[in-house]
Amino acid sequence: MSEVVDRWSSRRAFILAVTGAAVGLGNIWRFPYVAGENGGALFFLLYVFFVLAMGLPVMIAEIMIGRAGRRPPIQALAALAREQGRSAKWSWVAGFGLLTVFLVLSFYSVVSGWSIEYLLSAVRGRFAGASPDVISQALDVFLANPWLVVLNHSLFMILTMVIVAMGVSSGLERLNNWLMPLLYLLLVVLVVYAATTPGFAHALTWLFSPKFTDLTPLVVVNALGHAFFTLAIGACALMAYGAYMPEDQSLVKAVVIVAALDVLVAVLSGIAIFSVVFSHHLDPTSGPGLMFVALPIAFSSMPFGVPLLAAFFLLLLLATWTSSINLAEPMVASLSAGKLSRPVAALIVGICVWAAGLLPALSFSTLANVRPIAGMTFFDLVTSVPPDIFLPLGGLMIAWFATNVLARHKAVSALGAGESGYRVWVGVTRYVAIPLVVLVLLSALIPKLS
Ligand code: PHE
């Protein structure tokens, strides 16, 4: 396949697209509940460390390959490897990435569907003045309704695939341009409100003063997986976006801006959600429902709570939409590199992911008692194994490819930071990021062994 000619229309558009991919459920839904299950502050500290030490170098590696290859991930890896006289089997790395985005998108769409339901409920004013007990029961009642959950999952899948069918660079840009800043603004409003609640101080200590006695291999693995998940790396999804990156843009600058925004959104939503949790004596370890209980509680006791809650879920939905589009892009781009047109490829991918999503969607109702491995439901499995294991593993292979297979001159020009910049990046990736990822992944075996 020849190189793609599509480009993001500006440097700003590229940054917005990558931020759109990075900021999503990972920051607002997943971060609080995974931090909650892993003790809070220590998890947060490790996550930030992993973003800096491994996330940034791997993110650069991934986008660099896309930019150097100017093709969808499978084709890019094959072409770049062949140019160096290496095996085209390197494209298997992208194959593994596609498997990962497939699995991630299957649950991502389900949880985004929950947000659709919550948006509609908020618009109808259902949570106005409701007590915390009523609000948490409402979530259980909703999740136990297989039809409603599947209906919302289906709706979200259609929304995603319509944009991907249009081609991301035209479909996505308008969405990113002005809606995302509004989400950040609303988060700040929420944090300002949180500062007036009794649980605020507790939330801050819980998130920011780590107790090193909490350290277990599982916390470390979860923090690494979350760092990769929230930065959208390790699954070749950003590689697909790198293919459309303008020629004259600094990759390092773009990546630093995106990572900073991404961590900021997680911090803001963490403070807001844990203030509610501690103000209302909720359980921080209560799992994936945490955000869906905490936010309605927060807004229901706030002035203008009804419209603000609706606005929040609308913006959250837009943020998850831009992430799910990124998750779908590598699959659709790779499939439509052959004879299939983009819309047909999007339809096929959409149907397959939708069908796979039925398993997590029904994990709270029809399939609640089906627990294939270690007592976990399909939802538990698919929300933990692909993010925590597959993404770091994929990232490892991507980083290896970028530092050992990709032609040096191509890497230097795709990085756009000169020879010395390249040397710093290679050094950090080879001697810090790769060994650390290997170490953490190996430590993942420890709890299984003991
Ligand atoms: N980063 C996205 C989020 O935080 C999820 C994602 C993971 C997107 C992997 C693309 C690839 O919601």
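Residues numbered from 1 in each chain as written. Predicted model: local features only at pLDDT ≥ 70, side-chain atom pairs only at ≥ 80, totals over all residues. Heavy atoms only, no water.

Peer 1: I tried to follow the packing of aromatic side chains on my own but got confused; where do I start?
Peer 2: Remark: the centre distance and the inter-plane angle together describe each pair of aromatic rings, the angle taken between the planes. Applying the stated criterion to the full structure yields 27 aromatic pairs. Geometrically, the ring pair formed by Phe 31 and Tyr 47 is tilted, given 5.5 Å between the ring centres and 35° between the ring planes. Of the two residues, Phe 31 sits in helix H2 (residues 25–37) while Tyr 47 sits in helix H3 (residues 41–69), which places them 16 residues apart along the sequence. Plain terms: the ring middles of Tyr 118 and Phe 142 are 6.4 Å apart, the flat faces sit at 70° to each other, and that makes the pair edge-to-face. With a gap of 24 residues between them, Tyr 118 in helix H5 (residues 91–123) and Phe 142 in helix H6 (residues 132–143) connect regions that are remote in the sequence. Accessibility assignment for this pair places Tyr 118 and Phe 142 in one class, buried. By the ring-pair criterion, three or more aromatic residues cluster together here, those being Trp 114, Tyr 118, Phe 127, Phe 142, Phe 292, Phe 299, Phe 312, Phe 313, Phe 364 and Phe 379. (Phe/Tyr/Trp six-rings, centres within 6.5 Å; stacked < 30°, edge-to-face > 60°. Helix = DSSP H or I, 4+ residues; strand = E, 2+ residues; numbered from the N terminus. Buried < 20%, exposed > 50% of the residue type's maximum accessible area, 1.4 Å probe, protein only.)

Peer 1: Would you explain H5 in this entry?
Peer 2: The α-helix advances 3.6 residues per turn, and as a result positions three or four apart in sequence lie on the same side. Helix length check: H5, at 33 residues, gives a terminal C-alpha distance of 46 Å against a target of 48 Å (1.5 Å per residue), a fit within 8%. When you tally the buried positions in H5, you get 26 out of 33 residues, the bulk of the element. Within two residues after H5, Gly 125 carries a phi angle of roughly 70°, on the positive side. (Expected span 1.5 Å × (residues − 1).)

Peer 1: Help me understand the nonpolar core, please; the structure alone is not making it clear to me.
Peer 2: Taken as a class, soluble globular proteins show a tendency for nonpolar side chains to be buried jointly. Among the nonpolar cores identified, the biggest contains 173 residues, and Trp 29, Met 64 and Trp 114 are the most heavily contacted of them. Tallying contributions element by element places H3 first for this core, with 18 residues. (Core = buried A, V, L, I, M, F, W, Y, C linked by side-chain atoms within 4.5 Å.)

Peer 1: What am I meant to see in unusual backbone geometry here?
Peer 2: Among all residues save glycine, negative phi is the norm, and among peptide bonds the norm is trans. Look at Ala 232: it is not a glycine, yet its phi comes out positive at around 65°. With respect to the helices and strands, Ala 232 occurs in the loop between helix H10 (217–231) and helix H11 (237–242). What makes Ala 232 buried here is its relative accessible area of 14%. Of note in this structure, His 281 is not a glycine but carries a positive phi near 55°. Locating His 281 in the fold gives a position in the loop between helix H12 (251–279) and helix H13 (290–300).

Peer 1: Help me understand the pattern of salt bridges in this model?
Peer 2: The final tally for this structure, using the stated rule, is eight salt bridges. Close ionic contact of Arg 7 with Glu 247 constitutes a salt bridge, the shortest N to O distance being 3.1 Å. Within this pair, whereas Arg 7 is found in the segment before helix H1 (11–22), its partner Glu 247 is found in the loop between H11 and H12, the two being separated by 240 residues in sequence. Residue Glu 247 is classed as exposed on the basis of its relative accessible area, which comes to 56%. Of the charged contacts, one joins Asp 248 and Arg 11 as a salt bridge, the two residues approaching to 3.2 Å between their closest N and O atoms. (Salt bridge = Lys/Arg side-chain N within 4 Å of Asp/Glu carboxyl O.)

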